[in-house]
Amino acid sequence: MNLHEYQAKELLRRHGVNSPAGRLARSAEEAAEAARDIGGDRWVVKAQIHAGLRQDAGGVQLCDTPEAVAEAAAGLLGRRLVTPQTGAKGKLVRSVYVEQAVSYDREIYLATLIDRSAGRVAIIAAREGGNDIEARLAAAPDEMLSLVVDPVDGVQESAAAALAGQLGLDGAAADQAVALMKALNKAFQDFDASLIEINPLVVTAEGQLLALDVKMVLDDNAQFRHPDLANLRDEEEVDPAELEARDYNLNYVRLEGNIGVMGNGAGLALATVDLLKEHGGEPADFMDIRPEATRAQVTHGFKLLLRNPEVRAILVNIYGGGILRCDTVAEGIAAACKEEGLRVPLIVRAAGTNGELARKILMSQGIPVTFAQSLGQAAAKVVEAAGRKAA
Amino acid sequence: MAILIDSDTKVICQGFTGAQATYHMERAIAYGTKVVGGVVPGKGGRGHLGLPVFDTVAEAREATGATASAVFVPPRNAADAIIESIDAGMELLVCVTERIPVLDMVRVKQRLESSNTRLIGPNSQGIMIPGRCKIGVMPAHLERPGKVGIASRSASLTSEVIEQISTYRLGQSTSIGIGGDPVHGMGFVDCLKLFFEDPDTECVVLLGEIGGSDEEEAAAYLSANPAPKPVVAYVAGLHAPTERRMGHAGTVNVFGQGDAAAKIDALRAAGVTIATSAAEIGLTVRQAARA
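Describing the interface of chain A and chain B
Across the contact, 59 residues belong to chain A and 58 residues belong to chain B. Taking both sides of the interface into account, the surface hidden between chain A and chain B amounts to around 4600 Å²; carbon and sulfur atoms contribute 57%. Remark: the boundary between chain A and chain B carries five salt bridges. For Glu113(B), the salt bridge identified is with Arg120(A), shortest N-O distance 2.6 Å.

Some points on the sheet that holds strand E3 (residues 60-63) of chain A
Residues and elements named next belong to chain A. Taken in spatial order, the four strands make up an open sheet running E1-E6-E2-E3, and their pairing is antiparallel. The sheet terminates laterally at strand E1 (22-25) and E3, the two strands that pair on one side only. Taken over all neighbouring pairs, the strand axes of this sheet differ in orientation by 20° on average, direction set aside. Sheet topology note: the strand E2 (residues 43-47)/strand E6 (residues 96-100) ladder contains five bridges and is antiparallel. By the bridge assignment for E6, Val-44 is matched with Glu-99. Docked against the sheet, helix H1 (residues 5-13) engages E1, E2 and E6, running at close to 50° with respect to E6. Each of E2, E3 and E6 touches helix H3 (residues 66-76); the most contacted strand, E2, lies at about 10° to it.

Looking at the packing of helix H9 (residues 295-307) of chain A against helix H10 (residues 326-340) of chain A
All names here are of chain A. Relative to each other, H9 and H10 sit at 50°, their axes nearing to 7 Å. As the angle between them shows, H9 and H10 are arranged oblique. By crossing handedness, the relation of H9 to H10 is classed as right-handed. On H10, the residues that touch Arg-295, Val-298, Thr-299, Phe-302, Lys-303, Leu-306 and Arg-307 of H9 are Thr-328, Val-329, Glu-331, Gly-332, Ile-333, Ala-335, Ala-336, Cys-337, Glu-339 and Glu-340.

Points about helix H2 (residues 57-64) of chain B
All names here are of chain B. Those residues of H2 that sit buried are Val-57, Ala-60 and Thr-64. Buried residues of H2, seen end-on, are gathered within an arc of 60° and therefore sit on one face of the element. Exposed residues pointing more than 90 degrees away from the buried face of H2 are listed as Glu-62 and Ala-63. Here the buried face of H2 lies against strand E1 (10-14), strand E2 (34-39), strand E4 (51-54) and helix H3 (75-87). At the exit of H2 stands Gly-65, carrying a positive phi of roughly 75°.

Observations regarding the packing of helix H7 (residues 214-224) of chain B against helix H8 (residues 260-269) of chain B
Each pair of packed helices gets described by two things: the angle between the helix axes and the distance between those axes. Residues and elements named next belong to chain B. Packing of H7 against H8 leaves a shortest axis separation of 8 Å and a crossing angle of 15°. Regarding the angle of H7 to H8, the classification is roughly parallel. In this structure, the crossing between H7 and H8 has a hand that is left-handed. Between H7, through Glu-215, Glu-216, Ala-218 and Ala-219, and H8, the contact on the second element is made entirely by Lys-263, Ala-266 and Leu-267. In terms of residue class, the contact of H7 with H8 is made up of four nonpolar, no polar and three charged.

Some remarks on H3(B)
All names here are of chain B. In a regular helix each residue adds 1.5 Å, so 13 residues correspond to 18 Å; H3 covers 19 Å between its end C-alpha atoms and thus fits that length. Where H3 is concerned, the buried positions are Ala-78, Ala-79, Ala-81, Ile-82, Ile-83, Ser-85 and Ile-86. Those residues of H3 that are buried lie in contact with E1, H2, strand E5 (68-71), strand E6 (92-95), helix H4 (102-113) and strand E7 (118-120). Two residues or fewer after H3 comes Gly-89, characterised by a positive phi angle close to 80°.

Section: the packing of aromatic side chains
Any pair of aromatic rings gets described here by the distance separating the centres and the angle formed by the planes. Considering all chains together, one arrives at one aromatic pair over all chains under this definition. Above the plane of the ring of Tyr23(B) lies Arg27(B), whose end atom (NZ or CZ) is 3.6 Å from the centre.

Some thoughts on the side chain of Arg349(A)
Within the element layout of this structure, Arg349(A) appears in strand E17 (residues 346-352). A relative accessible area of 1% means that Arg349(A) is categorised as buried. At 3.1 Å, the side chain of Arg349(A) and the side chain of Asn317(A) are in polar contact. For Arg349(A), the residues in contact, after removing those within four places along its chain, are Val316(A), Asn317(A), Ile318(A), Tyr319(A), Ala372(A), Gln373(A), Ser374(A), Leu375(A), Ala378(A), Glu160(B) and Glu163(B).

Section: the domain arrangement of chain B
Residue and element names in this part refer to chain B. As assigned here, chain B comprises domain 1 (10-120) and domain 2 (142-290). The C-alpha centroid of domain 2 is placed 27 Å from the C-alpha centroid of domain 1. Across the contact, 10 residues belong to domain 1 and 11 residues belong to domain 2. Taken over both partners, the interface formed by domain 1 and domain 2 buries close to 880 Å², and the fraction arising from carbon and sulfur atoms is 60%. Taken together, the links from domain 1 to domain 2 amount to zero salt bridges. In this structure, the connection of domain 1 to domain 2 is made through three residue pairs in polar contact (both at pLDDT 80 or more). Broken down by element, the residue count for the side of domain 1 that touches domain 2 peaks at five residues, all from H4. Tallied by class, residues from the side of domain 1 that touches domain 2 come to eight nonpolar, no polar and two charged.

What counts, and where the lines are drawn
- Residues numbered from 1 in each chain as written.
- Chains lettered and ligands numbered in written order.
- Predicted model: local features only at pLDDT ≥ 70, side-chain atom pairs only at ≥ 80, totals over all residues.
- Heavy atoms only, no water.
- Contact = heavy atoms within 4.5 Å.
- Buried area = accessible area lost by both parts, 1.4 Å probe.
- Salt bridge = Lys/Arg side-chain N within 4 Å of Asp/Glu carboxyl O.
- Pairing = 2+ DSSP bridges.
- Helix = DSSP H or I, 4+ residues; strand = E, 2+ residues; numbered from the N terminus.
- Axes fitted to C-alpha atoms, helices over the stretch in contact; angles between N-to-C directions.
- Parallel < 35°, antiparallel > 145°, perpendicular 65-115°, else oblique.
- Left-handed = near helix turned anticlockwise from the far one by under 90°.
- Buried < 20%, exposed > 50% of the residue type's maximum accessible area, 1.4 Å probe, protein only.
- Arc of directions from axis to C-beta.
- Nonpolar A, V, L, I, M, F, W, Y, C, P; charged D, E, K, R; others polar.
- Expected span 1.5 Å × (residues − 1).
- Phe/Tyr/Trp six-rings, centres within 6.5 Å; stacked < 30°, edge-to-face > 60°.
- Lys NZ or Arg CZ within 6 Å of the ring centre and 35° of its normal.
- Polar contact = N/O pair within 3.5 Å; in protein donor to acceptor, adjacent residues only side chain to side chain.
- Domains from an automatic or database assignment.

So this is what it looks like as structure tokens:
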């Protein structure tokens, strides 16, 4: 579950991680009022969307008066902000965070995440933060500092102090950094996070460490332990079709092409998407149905493909096995076609458990299907069908 | 000979009486797996599928001599079930449970490191020795005994590859699903070591995907220890959009790591034969196995 910046800052404040004074606003008037209430003489107005790299897109604006804050908020609210992480359609700005502007001497990068190869929580850091951090660290991996956290003992004082030193911090700032690393690990554990990223963490002129921007992701698999955090989920940030898919236990991601894809298992679905690209096709989505999928769930999933106006052809690639049977999938597809109408070519590759029965079901229901014998053949056929339809 | 299990390995099932466990354990028994009982706290003393049920793994191990356990316990209790088995000294655990909180797996990982237990999974389809035995949820239809060892992060892709290599009349020595979760037990490197030592395996196939570092670790291992047998790899997700979750918790690009192209480059540089197209994995294996 992705959190907004303001939500992440509020959660971290409970653990003693400081950030500039700020407040959420949903209108220009609220924004001006927030600026007056939090005080100061300069403010930053920040679009609250689930995507990074907002600054260059105009999503972060510096203002000198409450009136300017209102104006900036009015300009952002209701607008679709396009950043390199939002996709071409951008994301609708529905709220802004108004924050006291702070002047600072340095920008640091500090994050807590799961180090998969170690199977541990790790703190990673870099002396210089900023928007281009990923590219910089990719070019100079040696600049990435890290500290693996012991699952029992937590963040070791000496290791944290050494990391603070490597970040070029000393005196009170170093002590704050050590406390901050401990607090981040504690927050990571307490909230069942999978990522907490402070970028930048700034050192103010007074020597105080402040989290200027925070990105936080919570582990969906652990949400049963945190009913109190459920209301932080902002469903309006999610594509409505993806939200509907989740209700039917389907894993669905909208992409920008014209070939609808349904497969079972993430690996096979990813491989299918890759294969379409190799054949010059553009997938419209990634849809993975779960092994325990019911006929009704398949029907709902297939309807999502049928309703996507971009779709010019559909590929179903099912490998039946375990508790997933191809005939269940075929019945679900047939029901969706009956209800919604099939207006594009449908290519089906059904292999494994009851694959032959699936073909019979689709044929007996009078669904116009082209069957493919192999993955390669299926991909070639659907790319050809999508191209022909578009031409 | 196969790796990790064989037809005489005694197996128990944790969460034995659940619907999924019942379905898959019945099939495992029919396949030839020597299932000797199950563990369900509070249901000790009962029977299920004609086998005894115990309250704890320690009791089950004591009474049956089981050395392996199939873990079908729901996500919120799965980590504790795994740790119970580690403490009871089980040698091999196969955990099929999906959606275990990642911090629970961090706790499990630490306990594993100070034990002699091997864990396959979680979120694994299991392990299968064709024609002899299987633990997990893998389907049985096209597999056949043979010389190809498969280690995979994806169940459905494994079925696809078994079908493809079957058209070349190639079978498998052992097929292992290491699972798709960010923190898991055995990795590709562990599988490679076992397959290299196994006289019945002549060629190894690694089926990877974006996210995680199993492929990079396999590449680093093979660079330092040249493979004594041909190794073929396929990595799914070359065209997956970044920053999006594709399927399960193990497939998200964090920090540029886990990029499919980087994994492929690393494996190729380590001498691994890369199947560049999902439709041609079988053909690539055929060519590598023949070489």
